[in-house]
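Next come the chains, spelled out residue by residue.
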Amino acid sequence: MEHGHDHDMPGMGGMAPPSPMSMTGPMQQHDMMMMHMTFFWGRSAEILFSGWPGSSDERPYMYFVALLFVFVLSILVEWLSHCRLMKPGSNHVAAGLVQTLLHALRVGLAYMVMLAIMSFNGGVFLVAVAGHALGFLFFGSRVFKRTQNPAKTSDLPPASC
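Since the structure is predicted, the reported quantities are computational estimates derived from the model, not experimental observations.

Rules of the game
- Residues numbered from 1 in each chain as written.
- Predicted model: local features only at pLDDT ≥ 70, side-chain atom pairs only at ≥ 80, totals over all residues.
- Heavy atoms only, no water.
- Helix = DSSP H or I, 4+ residues; strand = E, 2+ residues; numbered from the N terminus.
- Contact = heavy atoms within 4.5 Å.
- Patch = residues over 30% accessible without salt bridge, like charges linked within 9 Å, V, L, I, M, F, W, Y side chains within 5 Å.
- Areas by Shrake-Rupley, 256 points an atom, 1.4 Å probe, with all protein chains shown as cover.
- Salt bridge = Lys/Arg side-chain N within 4 Å of Asp/Glu carboxyl O.
- Buried < 20%, exposed > 50% of the residue type's maximum accessible area, 1.4 Å probe, protein only.
- Core = buried A, V, L, I, M, F, W, Y, C linked by side-chain atoms within 4.5 Å.
- UniProt positions renumbered as here; feature names shortened; annotations may be inferred.
- Phe/Tyr/Trp six-rings, centres within 6.5 Å; stacked < 30°, edge-to-face > 60°.

Attention now goes to the side chain of Asn121. You can see Asn121 is positioned in the loop between helix H3 (92-117) and helix H4 (122-139). Filtering out sequence-adjacent residues up to four positions away, Asn121 remains in contact with Phe39, Phe40, Gly42, Ala45 and Tyr63.

Written out as structure tokens, the structure reads:
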């Protein structure tokens, strides 16, 4: 056990951590991109996939395509949360399998929306919230409901965190 009074990292045996310049691997092949840890505004963002939507200089429309994609994903999450696809009296096993697949799809889409928001782009955050709000307005609120029977409004249980 070393009891030196220098400021080395504990358990490193007096070795300093490697400098960023000496690292090798996939980080060398790509430009070092700063990951935002606070919300920012702008069209230069990576949303969901590496390099997507790309540089706003090369393809300025792709940022808006990415926003539209996140908007539609969040509407789909709300639709899946409030839809009724199974008929009463259907086979319990088949209904259970369909419910399981719908649940997996809803959770997968909700995680994709969450990961898109983790890009910390203000526009992505706003379209995700707007998509959830519009989806709830159309599929979950009483505004467009045809029936007054609120006994069962969805095939899936409510989404929970």
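After that view of the structure, there is still more to cover.
Take a nonpolar patch on the surface next. On the surface, Phe39, Trp41, Phe125, Leu126 and Val129 cluster together into a nonpolar patch covering about 550 Å² of accessible area. With respect to the element layout, Phe39 can be found in the loop between helix H1 (26-29) and helix H2 (61-82). Judged by relative accessible area, which is 46%, Phe39 ranks as partly exposed.

The subject of this paragraph is the nonpolar core. Core analysis: the largest hydrophobic core is formed by 20 residues, its most contacted members being Ile47, Val70 and Val124. Those elements that provide at least two residues to this core are H2, H3 and H4. Residue contacts for Val70: discarding those within four places in its chain leaves Ile47, Val113, Ala116, Val124, Val127 and Ala128.

Let's shift gears to the UniProt feature "transmembrane region" (unreviewed entry) in the protein. Cross-referencing UniProt, the feature "transmembrane region" (unreviewed entry) maps to residues 61-81, 93-118 and 124-144 in the present numbering. Secondary structure content for residues 124-144 is 76% helix and 0% strand, while the C-alpha to C-alpha distance between its ends is 27 Å.

A word on the packing of aromatic side chains. What the rule picks out here adds up to five aromatic pairs. Note on Phe39 and Phe120: the rings are 5.8 Å apart at their centroids and 70 degrees apart in plane angle, and the pair reads as edge-to-face. Here Phe39, found in the loop between H1 and H2, pairs with Phe120, found in the loop between H3 and H4; they are 81 residues apart in sequence, far enough to count as distant. Ring-pair connections join several aromatic residues into one group, and the members of that group are Phe39, Phe120 and Phe125.

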